[in-house]
Amino acid sequence: MTIKTHNTTYDLIVIGAGPAGLIAAGRAAELGAKVLVIEKMKSAGRKLLITGKGRCNISNDAYQSSYFKNIFPNGKYLKSAFGAFFSKEIINLLNSEGVETTVERGGRIFPTSNSALEVLNALMNWVKKRQVEIIYSSKVEKITTEKDAITGVSIIRKGEVEIIYGTAVIICTGGKSYPATGSTGDGYELARQLRHSIQPTRPALVPLVTSGSLAANLQGLSLKNVNASVWVNNKKVKDEFGEMLFTHYGLTGPIILTLSRLVVDEIDKKNNVRITIDLKPAMDENKLDARLIRDLASNGKKQIENIFKEWLPSKMIPVFLNYLKLDGKKQGHQMNSKERRKIMLLMKNLPFEVVDYRGYNEAIITAGGVRTSEIDGKTMQSKLIKNLFFAGEVMDLDANTGGYNLQIAYSTAWLAASSFVKLAQLEHAQN
């Protein structure tokens, strides 16, 4: 195989043209650096286009303190990154490129157009104005170094090995989630080659697989204003209030995805995990029981399956009746207190045994990654290799849904690029 040498030397090589890569490249170029972005796919931002179901949940307008609570394993690691570039800054940047934004429930910020493509096009325009070069369909095989300092990268391009020289590299390769978009864990291997250690990776914000046919029988049903609780070895450990959805394999939707981070870790530990759904969280057991008594009394001559319409979505009624082994044709006044109590308890504790989780193909984000203890949080520079920087999902940082994960990408990328230029200028002045 022939080895070619690229005819240009760059100040900075950015690996990956996702949101982190584009922000890093644009920022460094804005500060005067000669920048090259290397993207292994045929086009940029493939994963960005599917975020928020194609609408792109750009960021969240919450305070930093709220961000820290929604980021794992250590949100406060991002203090410097958020101090350098936060939600207001990304919105201003996109606004300057013609993207109007709207704040929705939970502080989630979306483009008013509901188009992720508009967001990607804006970032691409912003980068192009700064004369950033991008090469596509090229895979970085190795980051080259000399005396623990970056000298460039070795890539595979059109079936040939090509050496590209550069004084710094920012790894913005993402994690392993949605591998069809190009996120296949390349960055972990590149980091490992340079002696960085990787916190074991696993899918996060991922749907859960349950045993039995209960979820499958409710497939397609979406619930709002319910409370889901996680039980590990019969001990309640966490709960979330909001929306969820039943599927042919189990459970998904916002509150399930949020709980999944904990559930995945417990399943990996081989612990017994159960999720119970409280369909009537606004009422305690006594209040709910009183309501059932009242409704049964006032509808005494109605069949139970019709009375259930007062209490549950229609799709749930046959499932409930079957689960409780109740005769739906029975009249309300024929129901005894034991049967009524069973209904009440099931409404408050609809149980699902969680036996597995879906894979990276369906995970919104990857948990784990390059250990942050080996990356300077004030600059995003490697503590092991000079002029090697990291940004975004490749690091051991992940967050709940709501725009937090994308903001981590922008903020760490902006800080990494700014730090590189500042350090380069300082070194140049000293020489």
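Let me sum up the structure you'll find in this document.

What counts as what
Residues numbered from 1 in each chain as written. Predicted model: local features only at pLDDT ≥ 70, side-chain atom pairs only at ≥ 80, totals over all residues. Heavy atoms only, no water. Pairing = 2+ DSSP bridges. Helix = DSSP H or I, 4+ residues; strand = E, 2+ residues; numbered from the N terminus. Axes fitted to C-alpha atoms, helices over the stretch in contact; angles between N-to-C directions. Contact = heavy atoms within 4.5 Å.

1. Focus on the sheet that holds strand E10 (residues 149-157)
What the four strands build is an open sheet, ordered E1-E11-E10-E9; its pairing is mixed. Looking at strand neighbours, the two that pair on one side only are strand E1 (3-10) and strand E9 (138-146), the edges of this open sheet. Neighbour-to-neighbour, the strand axes of this sheet turn through a mean angle of 25°, independent of strand direction. One ladder, built from five bridges, connects E1 with strand E11 (residues 160-166); its direction is parallel. Bridging from a neighbouring strand, threonine 9 pairs with tyrosine 165 of E11.

2. Quick look at the sheet that holds strand E8 (residues 133-135)
Taken together, the five strands give an open sheet; going across it, the order is E8-E3-E2-E12-E21, and neighbouring strands pair in parallel fashion. Edge positions in the sheet fall to E8 and strand E21 (388-390), since each of these pairs with one other strand and no more. Each strand of the sheet is rotated relative to its neighbour by a mean of 20°, with strand direction disregarded. Examined bridge by bridge, strand E12 (residues 169-171) and E21 share three bridges and lie parallel to one another. Along E21, the bridge assignment pairs isoleucine 171 with phenylalanine 390.

3. Digging into the environment of threonine 5
Structurally, the position occupied by threonine 5 is in strand E1. Sequence spacing of threonine 5 and leucine 49 is 44 residues, and the spatial spacing of their C-alpha atoms is 33 Å. In this view, threonine 5 contacts Ile163 and Tyr165; residues no more than four positions away in its chain are not counted.

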